[in-house]
Amino acid sequence: MRTMGVEEELLLIDRTTGHPVPVAEQVLARAVAAGGPGDGGEVVGEMHREAIEVFTRPHSSLAALGGQVLANREFTEMLASEAGAHAAPLATSPCPVEPHPTESERYTTMMQRYGSLPRRVLTSGLHVHVSVDSPEEGVAVLDQIRTWTPILIALCANSPFHDGADTGHASWRSMLWNQWPSSGPQERFGSLARYRAVMDAMLSTGALLDSGMLYLDARLSQNHPTVEVRVADVPLDPGTTVTVAGLVRALVDTAANDAAIGREAPNTPACAVRLANWRAALEGLDGCLVDPTTERPAPARDVVMLLLAHVLPALTANGDDQLVERGIADLFARGTGAARQRAARLPMTEPGSDDLGHIALAAARAVPAASTHLDAARPRTVIGRSTP
C-alpha cells in the first residue's frame, strides 16, 4: 500500500481582531522547546511571519493520517495561543494585511527580485505527497492525473475573501498563487527524460531563483520519493484534508495501474486544464466544473461523483472508500470552507464594522470537523453554530 503525507499551511491571526500577526518566530521557538508535534511531524516557517506550515509523517492508514492532522492542528493552535494568536485554516486572510517577510537569504532575494508579488501574496495551501516506486512511475502518474486535479480545488475551496472584500471566487488563493511564473498545469510529459528536460528548460530561463520555485500543480518531490499534489487551498476542516489525501492516493494508484497496462494519458492541452482550474476556483462546488472525460462543463456534484467512480476500486483496495465517501457527502451537506465563510458573514450593522475579522476568528475557533469522519463521539461544528 502506498504511503501518503500532508503539509498544511496555517495563517496566524490575532485572537481578538482576526487580523494576521507576524508571530511565526515565537510559535516556531515554542515548537522546538516542546519537541515538535510528535509522531514524526514537523512545524516550519514560511515566506511570511504571518504563516507556518505543519507536516505529517508518511502513513499507510488514512485514519491514522487523519489523527495526526488533528493532532498537528491542536498542537499549533496551542503554540499560537501562547503568542496571542490562532493558527487558522484560512487560505487567504479575509482582512487587509501587509505581510512581514521571514528573515532568510533566500526569501530576502525573492523579495528583492519579484517585485510586489512576494510582498503582497499571503496564501495557505495543502500539499499531498503519495509514494511512487520510481521517478518513471511518478511521471506516468503526473500525466494521468493532471485532468482530475482541478476537482481538488473545488473540494478544498476556502478563500472567498481577500484584502477586506468578497472576491467572487471560492478559491482566491488559486488566483493569487498563479501569479508566480512557474505555477499551474503542464503539458503531458510522456517520459522521465522529457520531464527533466522541461524542468531544466524552465530553470535555464533565469526567471526562477532555483528548483524550489518549480511551482507546478503536481510534481515529483525533490526531497521524497513521492508525487506531490499542491493545487488546493488548505481546507477549513481537517476532515476535508483527510478526504482529499485519500482521493489523491487513489488517483495515484489508478494512474499507476493505467500506465502499467499501457493506457494512454489524456492529451488535454495545458491551457484547457488551466481553465478547468479557473472554473473550479471561481465556483467551488456551487456551480459547474469541467468534466475531465468530455472537457465540457457539468454540475459540480456530477463531476465529483465521476472522480469518485474513477478511483473507487483503488479506494476500496486501500480500505478508504467509506471514509472518503462520508467526507464527500459531508462537503455537499455542509459546504466548502468558502461557502461556510460566506454564510457566517455578519450583517453590516454600521459603517466600518469588521465582520471579516469575525469570519477569520470563527474559522479559527471551529471544533475540528474531521471528528465526523474519525471519531463519532466528538461534536461537529459549523462556523457560527454547533450540532450534535
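You'll find the structure just up there.
The following paragraphs examine the structure supplied in this document. In this text, all values refer to a predicted model and were calculated from it rather than measured experimentally.

### Re the packing of aromatic side chains
- Taken as a whole, this structure holds five aromatic pairs when the rule is applied.
- An angle of 75° between the planes, with centres 5.0 Å apart, marks the rings of Phe189 and Tyr195 as edge-to-face.
- Overall, Phe189 belongs to the buried group, its relative accessible area being 11%.
- Residue classification places Tyr195 among the buried residues on the basis of a relative accessible area of 7%.
- Taken together, the ring pairs connect Tyr114, Trp177, Trp180 and Tyr215 into an aromatic cluster.
- Lying across the ring of Phe332, Arg301 places its NZ or CZ 4.2 Å from the centre.

### As for the pattern of salt bridges
- Applying the stated criterion across every chain, the model contains 18 salt bridges.
- The closest approach of N and O atoms between Asp330 and Arg334, which form a salt bridge, is 2.9 Å. Note that Asp330 and Arg334 are positioned in helix α12 (residues 321–334) at a spacing of four residues, about one turn of the helix. The pair formed by Asp330 and Arg334 is uniform in burial state, with each residue classed as buried.
- Through salt bridges with shared partners, a single ionic network connects Asp237, Asp330, Arg334 and Arg340.

### As for unusual backbone geometry
- Phi at Asp163 is positive, roughly 55°, even though this residue is not glycine.
- Within the secondary structure, Asp163 is located in the loop between β6 (161–162) and β7 (165–166).
- In this structure Asp163 comes out as partly exposed when scored by relative accessible area, which is 41%.
- You will see that Glu295, though not glycine, has its phi angle at about 60°, which is positive.
- With respect to the secondary-structure elements, Glu295 resides in the loop between β10 (288–291) and β11 (296–299).
- For Glu295, a relative accessible area of 40% translates into the label partly exposed.

### Thoughts on the packing of helix α1 (residues 24–33) against helix α2 (residues 62–82)
- Relative orientation of the contacting elements α1 and α2 amounts to 120°, with a least axis distance of 9 Å. With respect to each other, α1 and α2 are oriented oblique. The two elements α1 and α2 meet at a crossing, and its hand is right-handed. Between α1, through Val27, Arg30 and Ala31, and α2, the contact on the second element is made entirely by Phe75, Leu79, Ala80 and Glu82.
- Residue composition of the contact of α1 with α2, by class: five nonpolar, no polar and two charged.

### A look at empty space enclosed by the protein
- Under the definition given, this model contains four cavities of 30 Å³ or more.
- In this structure, the largest cavity occupies an estimated 120 Å³ of space.
- If you trace the largest cavity, you find 13 residues lining it, with Leu142, Arg146, Pro185, Gln186 and Ala218 closest to the centre.
- Counted as a void, the second largest cavity has a volume near 70 Å³.
- Around the second largest cavity sit Ile153, Arg173, Ser174, Trp177, Asn178, Asp217, Arg230, Val231 and Asn277, which together line it.
- Looking at the lining of the second largest cavity, the elements that each hand over two or more residues are α7 (172–177) and β9 (226–233).
- Among the elements that make up the lining of the second largest cavity, the one with the highest residue count is α7 (three residues).
- For the lining of the second largest cavity, a count of residues per class yields three nonpolar, three polar and three charged.

Cut-offs used in this document
Residues numbered from 1 in each chain as written. Predicted model: local features only at pLDDT ≥ 70, side-chain atom pairs only at ≥ 80, totals over all residues. Heavy atoms only, no water. Phe/Tyr/Trp six-rings, centres within 6.5 Å; stacked < 30°, edge-to-face > 60°. Buried < 20%, exposed > 50% of the residue type's maximum accessible area, 1.4 Å probe, protein only. Lys NZ or Arg CZ within 6 Å of the ring centre and 35° of its normal. Salt bridge = Lys/Arg side-chain N within 4 Å of Asp/Glu carboxyl O. Helix = DSSP H or I, 4+ residues; strand = E, 2+ residues; numbered from the N terminus. Axes fitted to C-alpha atoms, helices over the stretch in contact; angles between N-to-C directions. Parallel < 35°, antiparallel > 145°, perpendicular 65-115°, else oblique. Left-handed = near helix turned anticlockwise from the far one by under 90°. Contact = heavy atoms within 4.5 Å. Nonpolar A, V, L, I, M, F, W, Y, C, P; charged D, E, K, R; others polar. 1 Å grid on protein atoms, 1.4 Å probe; cavity = no way out; pocket = protein on both sides within 12 Å on 5 of 7 lines; lining within 4 Å. Points joined across faces, edges and corners; volume = space filled by probe spheres on them.

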